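# What the coordinates show
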Amino acid sequence: MERSLELGNMTRVQEFVLLGLSTSPETREVLFAVFLTLYLLTLLENALIVFLVCSHTELHKPMYFFLGNLSCLEMSYVSVTMPSLLVGLWTGPYHVPFTACMTQLFFFIVLICTECTLLCTLLASMAYDRYVAICRPLHYPLLMRPQVCLGLAGTSWLGGLLVSVAKTVCIASLSYCGPNVLNHFFCDVSPLLNLSCSHVALTELVDFLSAIVIFCGTLLVSLASYSAIGVAVLRMPSAAARRKAFSTCASHLVVVGIFYSAALFIYCRPSRIRSMDLNKLLSVVYTVAPPMCNPVIYCLRNREVHAALLRTLRWT
């Protein structure tokens, strides 16, 4: 009897049960309509940015190249987590095979790491664009030629891929032999570590160190880029132009602050988060808000993008 129980306890979990965002049927219906609308709006905004950047030659510049990359990434990023959130709101708790869960985790980590580095590259490009336009206008085409832009974007994607492989292998190699209920709406690092019945200190250390390198490193570069943008803006001769530029930077900082504060709280901790309700709330913040707000803040308020959009609407 004891031996059979012991063998049963060592049986590897074959699937997980995702509880979803809410277990109340009345709340789920309202939330489903809200998040479905946000998901479709996010896809529409980012697809529009990609179309405008590809179809208008005046937008074939380094900054818009990175914005197009960011929009492609945002569509992929939100499509990794949002469908499982919507399924949970539509059906309630549902079963996810172990392999499917690890696949979702892999793509989520790839995309969130790449988003950090792409955002960082984009902000640095914007800062450099303003700096060179004011101080060294003749050097910009040479230093930001297409090969350099492709290399920066490729490095961002490759870095996210390598980090994701390391983290996913560590988490997938753990033993899951007890409860299989994930109190979350997608397969994330912290809830999976909470279910593991093996020693997770090494995995937690890998997760913590990679999060520190990715999030804190890119955050420091982003802040340095904003400082450079601020210096360039202060050199503008027009007070009205300075006010408009600072207004745009303030909008950028709000979205970057929301993304990094939520992500840093969840991932840059040396131990697992025990409050899964807080984890779910913060996950909604950084998986839904940035992909929806970034196109509006970085592109649709931009004069050149706005002009390209108006021309497209006239053609149609």
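Residues numbered from 1 in each chain as written. Predicted model: local features only at pLDDT ≥ 70, side-chain atom pairs only at ≥ 80, totals over all residues. Heavy atoms only, no water.

So, on to the UniProt feature "transmembrane region" (unreviewed entry) in the protein. Those places that UniProt annotates as "transmembrane region" (unreviewed entry) correspond, in this numbering, to residues 30-52, 64-85, 105-128, 149-176, 208-234 and 246-267. Here residues 149-176 is 86% helix and 0% strand, with 43 Å between the C-alpha atoms at its ends. (UniProt positions renumbered as here; feature names shortened; annotations may be inferred. Helix = DSSP H or I, 4+ residues; strand = E, 2+ residues; numbered from the N terminus.)

Bringing the state of the cysteines into the picture now. Considering all chains together, one arrives at two disulfides under this definition. Paired by a disulfide, C101 and C187 hold their sulfur atoms 1.9 Å apart. Here the disulfide of C101 and C187 is left-handed, its torsion about the S-S bond being about -125 degrees. Of this pair, C101 sits in helix α4 (residues 98-135) while C187 is found in the loop between β3 (181-182) and α7 (189-195), placing the two residues 86 residues apart along the sequence. Look at C101 and you get buried, because its relative accessible area is 0%. Under the relative-accessibility criterion, C187 is labelled buried at 0%. Within the protein, bonded cysteines paired by disulfides and numbered along the sequence follow the pattern 1-3, 2-4. (Disulfide = S-S within 2.5 Å. Buried < 20%, exposed > 50% of the residue type's maximum accessible area, 1.4 Å probe, protein only.)

As defined by bridge partners, strand β1 (residues 15-18) adjoins strand β2 (residues 94-97) across four bridges and the pair is classed as antiparallel. Across the sheet, residue E15 finds its bridge partner in β2, namely P97. Bridge count between β1 and β3: two bridges; the pairing is parallel. The residue bridging L18 from the neighbouring strand is L182, located in β3. (Pairing = 2+ DSSP bridges.)

With that settled, the discussion passes to the sheet that holds β3. Within the open sheet, the three strands sit side by side as β2-β1-β3. Their pairing is mixed. One side of each edge strand has no neighbouring strand; the edge strands of this open sheet are β2 and β3.

Now for the nonpolar core. Nonpolar side chains in soluble globular proteins generally cluster together in the buried interior. Ranked by internal contacts, the top residues of the largest apolar core, which has 51 residues, are F16, F35, Y176 and L192. It is α4 that provides the largest number of residues to this core, a total of eleven residues. For L192, the contacting residues outside a window of four places in its chain are F16, C101, M102, L105, I171, Y176, L182 and C187. Counting residues in hydrophobic clusters, the runner-up holds 18 residues, among them L59, L119, V233 and A308. (Core = buried A, V, L, I, M, F, W, Y, C linked by side-chain atoms within 4.5 Å. Contact = heavy atoms within 4.5 Å.)

Taken N-terminus to C-terminus, the directions of helix α6 (residues 146-172) and helix α8 (residues 201-234) make an angle of 160 degrees; their axes are 10 Å apart at the nearest point. Taken together, the axes of α6 and α8 lie roughly antiparallel to each other. In this structure, the crossing between α6 and α8 has a hand that is left-handed. Where α6 approaches α8, its residues V163, K167, C170 and I171 are matched on the opposing element by T203, V206, D207, S210 and I214. Class assignment of the residues belonging to the contact of α6 with α8 gives a composition of five nonpolar, two polar and two charged. (Axes fitted to C-alpha atoms, helices over the stretch in contact; angles between N-to-C directions. Parallel < 35°, antiparallel > 145°, perpendicular 65-115°, else oblique. Left-handed = near helix turned anticlockwise from the far one by under 90°. Nonpolar A, V, L, I, M, F, W, Y, C, P; charged D, E, K, R; others polar.)

Opposite charge on two side chains lets them pair, provided their charged atoms get close. Within the structure shown, the criterion is met by two salt bridges. A salt bridge links R311 to E58; the shortest N-O distance between them is 1.9 Å. Here the residue R311 occupies a position in helix α11 (residues 303-315), and E58 occupies one in the loop between α2 (25-55) and α3 (62-91), the gap between them amounting to 253 residues. Using a relative accessible area of 29% as the deciding quantity, one classes R311 as partly exposed. Two residues, E304 and K61, come together in a salt bridge whose shortest N-O distance is 2.6 Å. Of the two residues, E304 is situated in helix α11 and K61 in the loop between α2 and α3; the sequence distance between them amounts to 243 residues. The class of E304 is partly exposed, set by a relative accessible area of 30%. (Salt bridge = Lys/Arg side-chain N within 4 Å of Asp/Glu carboxyl O.)

The terminal C-alpha atoms of α3 lie 44 Å apart, and with 30 residues this matches the ideal 44 Å at 1.5 Å per residue to within 8%. At S79, α3 shows its largest kink, close to 30 degrees, and the proline P83 lies no more than four residues downstream. Most of α3 is tucked away: 21 of the 30 residues are buried. Just downstream of α3, G92 is the residue with a positive phi angle, here 90 degrees. (Expected span 1.5 Å × (residues − 1). Bend = angle between axes of the 7 residues up to and from the residue.)

Here the focus is the environment of F65. On the secondary structure map, F65 appears in helix α3. For F65, a relative accessible area of 27% corresponds to the partly exposed category. Separated by 81 residues in the primary sequence, F65 and P146 have C-alpha atoms spaced 9.2 Å apart.

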